[in-house]
Amino acid sequence: MSDSATAPTITEVVSVAEAKRSVRRARPRRVMLGIAGVVIFLVIWEIVSRFGPVDMKYLPPPTEVVPTFFRNIVLIGFWSAVGNTLLSWFLGMLLAVLGGGVLGILIGLSSFARRATRSTIEFLRPIPSVALIPLAVLLFSTPIQQSLLVVTYGAFWQVLFQTLYGVADVDAVAMATGRSYGFSWLQRVRHIVMPTMLPYLMTGVRLASAVALILAITCELQIGKPVGLGAEILHAKDNGLYASSYALVLATGLLGIVLNFGMRWIERRLLSWHQSVRSEAAA
Amino acid sequence: MKLLRHTAAAVAFGLGLPVLLILIWWAASLNSTSIFVPRPGDLVTTFFRVWGSDRFLTDVLPSLGRYAIGAILAVVLGVIIGVVVGLNQTLRALTEPVFEFFRALPPPVLMPILMFLIGVGDAMKITIIVLGAVWPVLLNTIEGVRSTDSVQNETSRSYGIVGVRRVWYQVIPSAAPQILAGVRQSLPIALILMVISEMMASSSGLGFSIIQFQRRFEIPEMWAGIVLLGLIGLVVSLLFKVLEGRILRWYYGLKDLDNAA
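Just so we're clear, the structure is a prediction, and the values are computed from it rather than from any experiment. (Residues numbered from 1 in each chain as written. Chains lettered and ligands numbered in written order. Predicted model: local features only at pLDDT ≥ 70, side-chain atom pairs only at ≥ 80, totals over all residues. Heavy atoms only, no water.)

In this section: the overall build of chain B. The secondary structure content of chain B amounts to eleven helices and zero strands. When the helices and strands of chain B are placed in sequence order, the string is α-α-α-α-α-α-α-α-α-α-α. Relative to the compact-globule value of 18 Å for 261 residues, chain B shows a C-alpha radius of gyration of 23 Å, a clear excess of over 25%. With the C-alpha coordinates of chain B rotated into their principal frame, the extents come out at 75 × 65 × 30 Å. For chain B, the proportion of its 261 residues judged to be buried stands at 43%. Across chain B, the fraction of contacts at a sequence separation of at least 24, relative to all contacts at a separation of at least 6, is 72%. For chain B, the accessible area works out to roughly 13,700 Å², and carbon and sulfur atoms hold 69% of it. Considering chain B, the positive charge centre built from 20 side chains and the negative charge centre built from 15 side chains are found 4 Å apart. (Helix = DSSP H or I, 4+ residues; strand = E, 2+ residues; numbered from the N terminus. Rg over C-alpha atoms; globule rule 2.2 N^0.38 Å. Buried < 20%, exposed > 50% of the residue type's maximum accessible area, 1.4 Å probe, protein only. Contact = heavy atoms within 4.5 Å. Areas by Shrake-Rupley, 256 points an atom, 1.4 Å probe, with all protein chains shown as cover. Lys, Arg positive; Asp, Glu negative; His and termini not counted. Charge placed at Lys NZ, Arg CZ, Asp CG, Glu CD.)

Our next topic: the overall build of chain A. If you tally the helices and strands in chain A, you get eleven helices and zero strands. When the helices and strands of chain A are listed from N to C terminus, the series reads α-α-α-α-α-α-α-α-α-α-α. Relative to its 283 residues, chain A shows a buried fraction of 42%. Of the contacts formed within chain A by residues at least 6 apart in sequence, a portion of 73% connects residues at least 24 apart.

All right, on to the confidence of the model for chain A then. Residue and element names in this part refer to chain A. On average, residues of chain A score 83 in pLDDT, and 87% of them are at 70 or above. Predicted confidence in chain A is weakest over helix α11 (residues 275-282), with a mean pLDDT of 59, and strongest over helix α3 (residues 76-109), with 91. Scored below 50 in pLDDT, residues 1-5 shows one contact in the model against residues more than four places distant or in partner chains. (pLDDT = per-residue confidence, 0-100.)

Scanning all chains against the criterion turns up 17 aromatic pairs over all chains. Judged by centre distance (5.6 Å) and plane angle (80°), the ring pair of Phe41 of chain A and Phe102 of chain B falls under edge-to-face. Remark: Phe102 of chain B occurs in helix α4 (residues 89-104) and Phe41 of chain A occurs in helix α1 (residues 10-51); the pair is interchain, linking two chains. On the basis of relative accessible area, Phe41 of chain A is assigned to the partly exposed category, the value being 33%. An aromatic cluster is defined as three or more aromatic residues linked by ring pairs; in this entry it consists of Phe41, Trp45, Tyr58, Tyr242 and Tyr246 of chain A together with Phe99, Phe101, Phe102, Phe116 and Trp135 of chain B. (Phe/Tyr/Trp six-rings, centres within 6.5 Å; stacked < 30°, edge-to-face > 60°.)

As a further point, take the environment of Leu87 of chain A. Assignment of secondary structure puts Leu87 of chain A in helix α3. Between the alpha carbons of Leu87 of chain A and Ala216 of chain A there is a distance of 9.1 Å; along the sequence they are 129 residues apart.

Below, the discussion takes up the nonpolar core. Formed by 130 residues in total, the largest nonpolar core has its most connected members in Met93 of chain A together with Trp51 and Met194 of chain B. Beyond its immediate sequence surroundings of up to four residues, Met194 of chain B is in contact with Ser63, Tyr67, Ile129, Leu206 and Leu229 of chain B. (Core = buried A, V, L, I, M, F, W, Y, C linked by side-chain atoms within 4.5 Å.)

Further remarks concern the pattern of salt bridges. All names here are of chain B. What the rule picks out here adds up to eleven salt bridges over all chains. Between Glu244 and Arg184 there is a salt bridge, with its nearest N and O atoms 3.6 Å apart. Of this pair, Glu244 sits in helix α10 (residues 219-247) while Arg184 sits in helix α8 (residues 163-200), placing them 60 residues apart in sequence. Assessed through its relative accessible area of 7%, Glu244 is described here as buried. (Salt bridge = Lys/Arg side-chain N within 4 Å of Asp/Glu carboxyl O.)

The next thing to look at is the UniProt feature "transmembrane region" (unreviewed entry) in chain B. The feature "transmembrane region" (unreviewed entry), as given by UniProt, occupies residues 7-28, 67-88, 109-135, 189-211 and 223-243 of chain B in the numbering adopted here. The distance separating the terminal C-alpha atoms of residues 67-88 of chain B is 32 Å; by composition the span is 95% helix and 0% strand. (UniProt positions renumbered as here; feature names shortened; annotations may be inferred.)

Residues and elements named next belong to chain A. Positionally, Ser49 belongs in helix α1. Of the polar contacts made by the side chain of Ser49, one reaches the backbone oxygen of Leu59; its length is 2.7 Å. Setting aside anything within four residues of it in sequence, one finds Ser49 in contact with Val54, Met56, Leu59, Pro60 and Pro61. (Polar contact = N/O pair within 3.5 Å; in protein donor to acceptor, adjacent residues only side chain to side chain.)

By the secondary structure assignment, Ala28 of chain B is in helix α1 (residues 2-30). Here the alpha-carbon distance between Ala28 of chain B and Ala190 of chain B, two residues 162 residues apart in the chain, equals 35 Å.

Our next topic: the interface of chain B and chain A. Taken together, the contacts link 52 residues of chain B with 53 residues of chain A. On the surface where chain B and chain A come into contact, there are one salt bridge. The partner of Arg30 of chain A in a salt bridge is Glu96 of chain B, with the nearest N and O atoms 2.8 Å apart. Class assignment for the residues of the side of chain B that touches chain A results in 41 nonpolar, six polar and five charged. (Nonpolar A, V, L, I, M, F, W, Y, C, P; charged D, E, K, R; others polar.)

Let us look at the confidence of the model for chain B. Residue and element names in this part refer to chain B. For chain B, mean pLDDT is 85; residues scoring 70 or higher make up 98% of the total. When pLDDT is averaged over each helix and strand of chain B, the minimum, 77, is found for helix α11 (residues 249-260) and the maximum, 91, for helix α3 (residues 55-87). For this predicted complex, the interface confidence reaches an ipTM of 0.79, while the overall pTM sits at 0.82.

Below, the structure written as structure tokens:
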């Protein structure tokens, strides 16, 4: 992090410019290779499906699955399934981020609370969240509540952990300065803790988002009730619609990619002022 | 004396909140008639009654076996493929979108498909564990191999250390911190998939037992299952911490030196 007083030398400027140019030059090649990779994957799949050891009925070729996928995405039923899955994902994330963020700040700022809660957190965190599915089924009557409990539990720890790391990273001198300038607790959180913690929190949110999607879909697969993508896959499989199962799996993967990109985009938006994002843009 | 006080404080901080929570739980369940939450004492006796019996041999051990095989296979495959792909720029660009897709795919959705492809036996469960847990290791290995220090690479080359020997003595050690970060993400995923695969399609195993208890309304037994899963998760994460500390001792030593300087 060089301060503005030392101007960059000519060599530095040139090297940065060259690095940028080489990135620009390399990009089309990488994109082409990436597309080629996808095509090779589809071709292998097609060959294995047609000539491989497995019955073609159980492993339909991409030439059958991809059209099914496109036929699916014009159906309202498909989008309502996506919507239902996303709803449990979103609500679970919301609860997890609010709960994990607030608790993380409260615990992280007090060294007493940090020491007192460590053993409990270390014990509760590794409990696989899917173990709670039976409990959720017993405690709640509606499917959305059931999957919310599981999704929130799984996502909560990711957020809480990252927030704790972030708060631990706050500069002690800055905190002491804030205190001696008469900052209130809230002001200290807003102006000193937040800027340091936010990158950590966003990493936690990104990790939690992937976990939340897995759990939302798992609940649908296991409980079979909240009509979402997971339930649709199970339904297609039980009815012998094998190509449709594959098409839905394809859709789920694409949904995962979209959520990943969405999270990255929000992160870059929120942290545009932060060193990690700025240096990434320059490199 | 000082050491004694220090230890006492550590113990108090470590046990304070758990003891408090259990006391609250105990007090709250004294007069409660809720069938969903057992009393702490009942839970402990149920725990030993359920898992102390031959269920340990018929359900817990097979589960742990599948978990271990799946997780080890995932790590080995992830490291091997990751090294091969990470060392070759073209291969990396070629495989990137496909790998990104499989990483973004929530692994449980593959289960219905695997069920009609290879049935519901142990092979399916181990496959699903590997398919889910391999990606964090694989992608982290690629990233770690890609970012090996260029001075190290050139030194290896000029000393004639190439091929398998270079991979073993230079590439894997220098990528080890990142590989292990991937393994740390993989282990809980593998555990989750072990449970899910048994919940969905099985007649034995921990996941199956818990679902069975729930369907029969054997609530304390179900709780005992959840507690056992939590303990397994805890033991796995502790074991991993010890293992990581051993493998990366040189790395943490270097970091301490850096920080001290």
